[in-house]
Amino acid sequence: MPTVYVNDKPVEIGTRKLNCVQAADLAGVFVPHYCWHEALTVVASCRMCLVEVGELKDGKLTMQPKVVPGCQTPVKDGTVVVTGEYAKRHPALPALPYDPGYTKGGQPGERAKKAQADTLEGLLINHPLDCPVCDKAGECKLQDFSFKYGRSESRMVDAKNTPPNKPHLSSKITLFTDRCIMCTRCVRFTREVSGTSELMVTNRGHHEEIDVFPGRPLENKLAGNVVELCPVGALGSKDFLYKQRVWYLKTTDGVCSRCATGCSTAVDHNKDIVYRVNARPNPEAQGHFICDDGRYGYHFANSTERITRPLLRADGATRPAPWSAVTPRLREAFDRAAAENPAGVVAVLSPFLTVEEAFLYATYFKGLSADVRLALGPVPVVGQDDTYPKDVRGNPVEPVRFTIRAEKCPNRRGVEAVLRHFQKDIVPFDAAAREGVAAMWFAGGYPDRDAVGADTGTDWKTPGLLVAQDLFPTVVTAAAGFVLPATSAFEKDGTFVNHAGLAQTFPRAVRPPVEVRTELQLAYDLLGRRGLVQAGAVRAELARAVPAFAGLAAADRPATGVRFALEMA
Amino acid sequence: MPAFDPTTTAIVIVCLMAGVLGLCGFLTLSERKISAWMQDRLGPNRVGPFGLLQPLADGGKFFLKEEVIPSHVDKVFYVMAPSVAVGTALLALAVVPFGPTAPPPDPVPVAAGAVATFEQAQAEYQNQTNFVLAPGLDVGVLYLFAVGSLAVYGVVLAGWSANNKYSLLGALRASAQIISYEIPLGMAVLGVFLIVGSLNPEKVIAWQTANGVWWLVVFQPLALLLFMTAQYAEANRLPFDLPEAEQELVGGYHTEYSALKLGLMLLSEYVHLVAGSLMLVALFLGGWSLFGLEGFVTHPVWAAAVKTLIVCGKMFALVIFAQFVRWTIPRFRFDQLMNIAWKVMIPLALLNLLCVMAVKQLGWPLGVLTGTSAVLFLGAGVVSVRLSGSVTNPKRKVVKLPPGLPAGVTYAS
Amino acid sequence: MPRTESDVRWVDEPRLGFWEQLYIPAMLDGLKTTIGHIFRPQVRTEQYPEQEPKLPGNYRGVHRLNRDEEGRVKCVACYMCATACPAHCIDIVAAPAPTEWQKDGREKYPETFVIDELRCIYCGMCEEACPVDAIELTTLYDLTGLSREQMVFDKEKLLSVFDQTTKAGTDPVRTRSGRLSVASETPPG
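Cut-off values and rules
Residues numbered from 1 in each chain as written. Chains lettered and ligands numbered in written order. Predicted model: local features only at pLDDT ≥ 70, side-chain atom pairs only at ≥ 80, totals over all residues. Helix = DSSP H or I, 4+ residues; strand = E, 2+ residues; numbered from the N terminus. Contact = placed C-beta atoms within 7 Å. Buried ≥ 20, exposed ≤ 12 C-beta atoms within 10 Å, placed from the backbone. Axes fitted to C-alpha atoms, helices over the stretch in contact; angles between N-to-C directions. Left-handed = near helix turned anticlockwise from the far one by under 90°. Nonpolar A, V, L, I, M, F, W, Y, C, P; charged D, E, K, R; others polar. pLDDT = per-residue confidence, 0-100. Pairing = 2+ DSSP bridges. Domains from an automatic or database assignment. Expected span 1.5 Å × (residues − 1). Parallel < 35°, antiparallel > 145°, perpendicular 65-115°, else oblique. Core = buried A, V, L, I, M, F, W, Y, C linked by C-beta atoms within 7 Å. Right-handed = clockwise from strand over helix to strand, strands pointing away.

Draft legend 1. The arrangement of the overall build of chain A in detail. A tally of helices and strands in chain A yields 15 helices and 26 strands. Projected onto its principal axes, the C-alpha positions of chain A cover 95 × 55 × 45 Å. Partitioning the contacts of chain A with sequence separation of at least 6, the portion at a separation of at least 24 is 69%.

Here's what the structure looks like:
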């Protein structure tokens, strides 16, 4: 097996093609870097990953006399990497036979350490000290590395370059030009991943700046990723600008609910308000990036127009009612409806529900009577799948690196799998709605209110008993006798199954508004079970009951999700 | 002494009570001022010139504050306790002389002209004005002790009815303390009564004035010391204020009291102090006499006024002294308090009584008693030194903990 | 650090001699001290409402928000004070600075800046944390109000404290930041 020595620690790399940074990572050694990114090409421009490299062959160690950028240096069998943190290696490791002529009386790693400190000093020459007003402060790589590897004081005596800010860069993104350290991650992203090539570097030397071409602002569906890629505070999201300091934010793993790709996200929130959604790298789901629809598509959860408490309709007007009164009335009404006309009872489970919620709802309604029909809620589909990269004219280019699905819901396949377990066919909503419906439970949760309106035709007849559960008032809630609040994907704990059958379980990020009960809790109450629902317990129940979800029972599921062989609908 | 006249007596009672209560108000001011001066502060100086109207403000505050009766108290006894406390304290004032007095004439031996002599003496006595509410009471001091020990009822009722552990602890301490100190209080003055031959304070004063400057303090200094100490303890004054030790018991037995009830509770202690000091003046410090100086004023009205002033002045000096003591000496520990009463003061009082009895029996001059007092006092000191002070402050064994436990912690066994 | 037996010094009670055992002389000795104070008073009481206290310059009273040379609020809404505050009494809402400020390099400013003076413990951590010397504690100590709302100071009130204290001369701007501060950097040009 090919073995690489990182700070004297042997690491087996197998057949992978790695650079020094990745090899060091395998050895548990972090090599600081700005410009290098796993998903982008290597330019080795920031010089932060400088390491000492040598080769161990037949017991003889030959070190290269100069430090090299780790990101650009591939490793092979016998490669020796010495980083600036050599002095912090495990003391029990046997030292490699470094040539005294190389170490010159000092320790290995001293050159790398000095090189890193000098690199940082160079990067900071023109970087303003406006951390107090910079949104990146707290998660800034320049701050972190300066603290860890840099000098405490600047020797710069001249005035710093202060190029003007570029708020015109994009409608969503602003550029604080003076903070840029010219890592060119953003430029490479627009060229390699989005392919749209809006960004470029103008000027040379200390006057280098990131800019857009005149009349071609940075407007593409993946543009938000450049803010996240920026290791310093140069590129700022106008959406998040000055909203919160990052150290107040708590980050919870999430799964994007805005399309069937089901990107892994990191939800940043504080005091039950979602402030930012970032990408969470997940090679199984989407890779390193997310689209702007998902990135900026969290605002619906904070909207003031949401239905925030159960409402009862009497004489055409709705009136708030406490859950303690609503839940027994719901149970009573559906008990009666199922007794009178079981085939007339329809439960509509939207593709925005988690599989746990769909399972509990289906259990409840099928428990009323086996003849109760379960229907799949409207599946919003907008246009065609949008693939990246594109060329400068907006035409897709192979190979595809990122796809924004036309199907704008996160869990159609999961809900379908649940439905198929309870009944033979998947009944689409518009089909179910037209056939003699006496009572209907519409479990929605649609973040876009017109997603429901588009699918419900004018010939739809309002059933006598209609319970509509949704985030926003829709055509369905307007007709419903019971209007119940729903929860957004940030407010619940559950599992989504994406377009490819990848089941990702995510925890709750924020609490729903006070009067809102999660669908899971409501279904639990309807089933007559007592106490607070535990999503994990429901998940285990689901895994036992539905063979397709058996994989969810494993305690050591990978963080990237579980992939199922779900039969395609 | 004029014949009993209910109207006059009522007026005197009202005046006396008003005077004493007013005086108590100003004693609180002097207490605060003295403590302030001792502690390098200014004391109350906002209400009136030099804060002289502070007692009025305090009284007004007590009247106007919300009267809280907690829901958990035994209401009957709770309301009763302050009145019992103040009532018993005020009752004691009935026999204390606060001005010139004349003792009722002695019985005349049956002889020729005895009736005439007796009737003349009686007539003379009728013409005297006695500055005592109940003059000529031969059990005088006994009455005082009897009423004084009733004061414990006020405290115990307050502590018991409040249904509060701090109140109860304070009341228990107070009752134990008052009962213990009754004994040295009574025993200390037995010597005085033996010397004088009467329990009537007017006669004690008369004995002292007849002896010129030789007040009883000269012959019974030890008794004075014991009496004064016991009196402080009876009045719950520092260093004997364990019943209301606020560091341990919040407010002691008056924790649950507020507004006027609290005021009455606090007032009763001052009344005790005033009554006790007046008694001390009568029994040991020559009453209304002042080295014959009182004789220079011959006009009967002015003479009475001067004598009243002398008594009040002496009383006031004693009260001020008590206040000095209060702000000088820290509180005793409860076991020390009990040890002092039972192991020091009662034996000393008994020995002192024995000396008086011996001197009276053997017919030795009274001056010997001064010496015996000194011998007893110093002897007690010598004994104390020989016993390393273990009488009042028993040595407790300090056990060092075995190694491994936190250091610096010791258990007393 | 836990204490050990060797850290403990055992001291015997002082032995009382004859005079102490007599109590009375010792008591008189105490009276000498206390009564001595009556006649040689060393009163240091200040007559407060008539006599204003002389406070040291670093007294920590009511906060103020300093103004810069052009009378704008100096604060850059960095939230350092709110982060440092142990009582969580500072609430800031930040916003991009007005465009005319931005030519001086001001990018962010506090849209609202609220201190709950009732919640504050006057520890001065906000002043320590401030990188631009915008928040300072003044020597104003007699803070009163008739309601809780009155004691919640907003930006205008805090700026008026600055005007009031600087005009009165009681509190000159006292913190001067080090080199690593936005405010201390010379503006470009």
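Still to come is the rest of the account.
Draft legend 2. Quick peek at the overall build of chain B. On a plain count of helices and strands, chain B comes out with 14 helices and 2 strands. Along the three orthogonal principal directions, the C-alpha set of chain B runs to about 95 × 55 × 40 Å. Each of the 413 residues in chain B was classed as buried or not, and the buried ones make up 40%. A fraction of 80% describes how many contacts in chain B between residues 6 or more apart in sequence connect residues 24 or more apart.

Draft legend 3. Seen up close, the packing of helix H9 (residues 221-234) of chain B against helix H13 (residues 334-362) of chain B. Residue and element names in this part refer to chain B. Running from N to C, H9 and H13 point in directions that differ by 145 degrees, and their axes come no closer than 10 Å. As H9 runs across H13, the sense of the crossing is left-handed. Of the residues in H13, those in contact with Leu 222, Ala 223, Leu 226, Thr 229 and Ala 230 of H9 are Met 345, Leu 348, Ala 349 and Asn 352. Residues belonging to the contact of H9 with H13 are distributed by class as follows: 7 nonpolar, 2 polar and no charged.

Draft legend 4. The arrangement of the environment of Thr174(A) in detail. All names here are of chain A. Note that Thr 174 resides in strand S7 (residues 173-175). Of the residues examined, Thr 174 has 21 C-beta atoms within 10 Å and is grouped as buried. Each C-alpha atom of the pair Thr 174 and Lys 238 lies 6.4 Å from the other, and the pair is 64 residues apart in sequence. In contact with Thr 174, other than residues within four places in its own chain, are Asn 165, Lys 166, Pro 167, Leu 169, Gly 236, Lys 238 and Leu 241.

Draft legend 5. Structural context of the confidence of the model for chain A. For chain A, per-residue confidence averages 89 on the pLDDT scale, and residues scoring 70 or more make up 98% of the total. Element-level pLDDT for chain A is lowest in helix H12 (residues 450-455) of chain A, with a mean of 67, against a maximum mean of 95 in strand S13 (residues 273-279) of chain A.

Draft legend 6. Layout of the environment of Met182(A). All names here are of chain A. Within the fold, Met 182 resides in the loop between S7 and helix H5 (185-192). For Met 182, a count of 18 C-beta atoms within 10 Å corresponds to the partly exposed category. Taking the C-alpha atoms as reference points, Met 182 and Arg 530, separated by 348 residues in sequence, lie 59 Å from one another. For Met 182, the contacting residues outside a window of four places in its chain are Ser 45 and Glu 208.

Draft legend 7. How the structure looks around the sheet that holds strand S16 (residues 345-349) of chain A. All names here are of chain A. Strand order in the open sheet formed by 8 strands is S15-S14-S23-S22-S21-S16-S17-S20, with mixed pairing between adjacent strands. Edge positions in the sheet fall to strand S15 (317-320) and strand S20 (427-428), since each has one partner strand and no second. Of the pairings in the sheet, the one linking strand S21 (residues 439-443) to strand S22 (residues 465-470) comprises 5 bridges and is parallel in character. When the sheet's bridge partners are listed, Ala 439 is paired in S22 with Leu 465.

Draft legend 8. A look at the interface of chain B and chain C. If you look at the interface, chain B gives 19 residues, while chain C gives 22 residues. Every element with two or more residues in the side of chain B that touches chain C is listed here: helix H1 (6-38) and helix H14 (367-386) of chain B. Among the elements that line the side of chain B that touches chain C, the one with the most residues is H14(B), at 4 residues. The class makeup of the residues in the side of chain B that touches chain C is 11 nonpolar, 6 polar and 2 charged.

Draft legend 9. Seen up close, helix H7 (residues 201-210) of chain B. With 8 of 10 residues buried, H7(B) lies mostly within the body of the structure. Within H7(B) the residues assigned to the buried category are Pro201(B), Glu202(B), Lys203(B), Val204(B), Ile205(B), Trp207(B), Gln208(B) and Thr209(B).

Draft legend 10. A look at the interface of chain C and chain A. Counting from both sides, the interface comprises 15 residues of chain C and, opposite them, 9 residues of chain A. Those elements that provide at least two residues to the side of chain C that touches chain A are helix H3 (80-84) and strand S2 (90-96) of chain C. Looking at the side of chain C that touches chain A residue by residue, the classes come out as 12 nonpolar, 1 polar and 2 charged.

Draft legend 11. Seen up close, the domain arrangement of chain A. For chain A, the assigned domains are domain 1 (3-121), domain 2 (126-302) and domain 3 (311-380 + 412-563). The straight-line distance from the C-alpha centre of domain 1 of chain A to that of domain 3 of chain A is 55 Å.

Draft legend 12. Structural view of helix H3 (residues 110-123) of chain A. Residue and element names in this part refer to chain A. Given a rise of 1.5 Å per residue, 14 residues ought to cover 20 Å, and the 20 Å separating the end C-alpha atoms of H3 matches this to within 8%. Those residues of H3 not exposed but buried are Arg 111, Ala 112, Lys 113, Ala 115, Gln 116, Thr 119, Leu 120 and Leu 123. Those residues of H3 that are buried are in contact with strand S3 (50-57), strand S6 (79-82) and helix H4 (141-149).

Draft legend 13. Fine view of the packing of helix H9 (residues 355-368) of chain A against helix H14 (residues 519-526) of chain A. Residues and elements named next belong to chain A. Following both chains from N to C, one finds H9 and H14 inclined at 20 degrees, their axes separated by 9 Å at the closest point. Considering the angle they form, H9 stands roughly parallel to H14. Crossing of H9 over H14 shows left-handed handedness. On H14, the residues touching Glu 356, Glu 357, Leu 360, Tyr 361 and Tyr 364 of H9 are Glu 519, Leu 520, Ala 523, Tyr 524 and Leu 526. Its residues assigned to classes, the contact of H9 with H14 comprises 7 nonpolar, no polar and 3 charged.

Draft legend 14. Molecular detail of the nonpolar core. Val51(A), Val81(A), Ala347(A), Val348(A), Leu349(A), Tyr361(A) and Cys75(C) are the most contacted members of the largest nonpolar core, which totals 188 residues. Considering each element in turn, this core owes the most residues, 8 residues, to H9(A). The residues touching Leu349(A), leaving out its near neighbours within four places in the chain, are Ala358(A), Tyr361(A), Ala362(A), Leu374(A), Leu376(A), Gly377(A), Val415(A), Leu419(A) and Ala443(A). Ala92(B), Val96(B), Val152(B) and Met228(B) belong to the second largest nonpolar core, which has 98 residues in total.

Draft legend 15. Layout of the sheet that holds strand S24 (residues 494-497) of chain A. Residues and elements named next belong to chain A. Taken in spatial order, the 3 strands line up as S24-S25-S26 in an open sheet, and their pairing is antiparallel. Two strands bound the open sheet, and with one partner strand each, they are S24 and strand S26 (562-563). Note that strand S25 (residues 502-506) and S26 share 2 bridges and pair antiparallel. Paired with Leu 502 across the bridge in S26 is Arg 563. Sheet contacts for helix H10 (residues 412-422): S24 and S25; angle to S24, the most-contacted strand, approximately 100 degrees.

Draft legend 16. Spotlight on the pairing of strand S14 (residues 311-314) of chain A. Residue and element names in this part refer to chain A. Relative to S15, S14 is paired through 4 bridges, and the arrangement is antiparallel. Across the sheet, Leu 312 pairs through a bridge with Arg 319, a residue of S15. Counting the residues between successive antiparallel strands, the hairpin from S14 to S15 contains 2 residues, one of them, Asp 315, with a positive phi of roughly 55 degrees. Relative to strand S23 (residues 482-485), S14 runs antiparallel, the two sharing 2 bridges. Each residue of the ladder has a partner; that of Leu 312, found in S23, is Phe 482.

Draft legend 17. Spatial organisation of the pairing of strand S17 (residues 373-376) of chain A. All names here are of chain A. Both faces of S17 are covered, namely the face carrying Arg 373 and Ala 375 and the face carrying Leu 374 and Leu 376. Both S16 and S17 contribute to a ladder of 4 bridges, which runs parallel. In the strand pairing of S17, Val 346 is matched with Arg 373. Handedness of the β-α-β unit built from S16, H9 and S17 comes out right-handed. Across 2 bridges, S17 lies against S20 in parallel orientation. Each residue of the ladder has a partner; that of Leu 376, found in S20, is Pro 428.

Draft legend 18. Local environment of the confidence of the model for chain B. Residue and element names in this part refer to chain B. Residues with a pLDDT of 70 or more make up 94% of chain B, whose mean pLDDT is 82. Mean pLDDT values over the elements of chain B span from 52, in strand S2 (residues 410-412), up to 88, in H13. The ipTM for the predicted assembly is 0.79, set against a pTM of 0.73.

Draft legend 19. View of unusual backbone geometry. Residues and elements named next belong to chain A. Tyr 388 connects to Pro 389 through a cis peptide bond whose omega is 5 degrees. Summarising the element assignment, Pro 389 is placed in the loop between strand S18 (386-388) and strand S19 (402-404). With an omega dihedral of -5 degrees, the bond running from Glu 398 to Pro 399 counts as a cis peptide bond. As for its placement among the helices and strands, Pro 399 is situated in the loop between S18 and S19. Of note in this structure, Tyr 242 is not a glycine but carries a positive phi near 65 degrees. Locating Tyr 242 in the fold gives a position in the loop between strand S10 (235-237) and strand S11 (250-255). Taking the number of C-beta atoms within 10 Å as the measure of exposure, Tyr 242 has 22 and is therefore buried.

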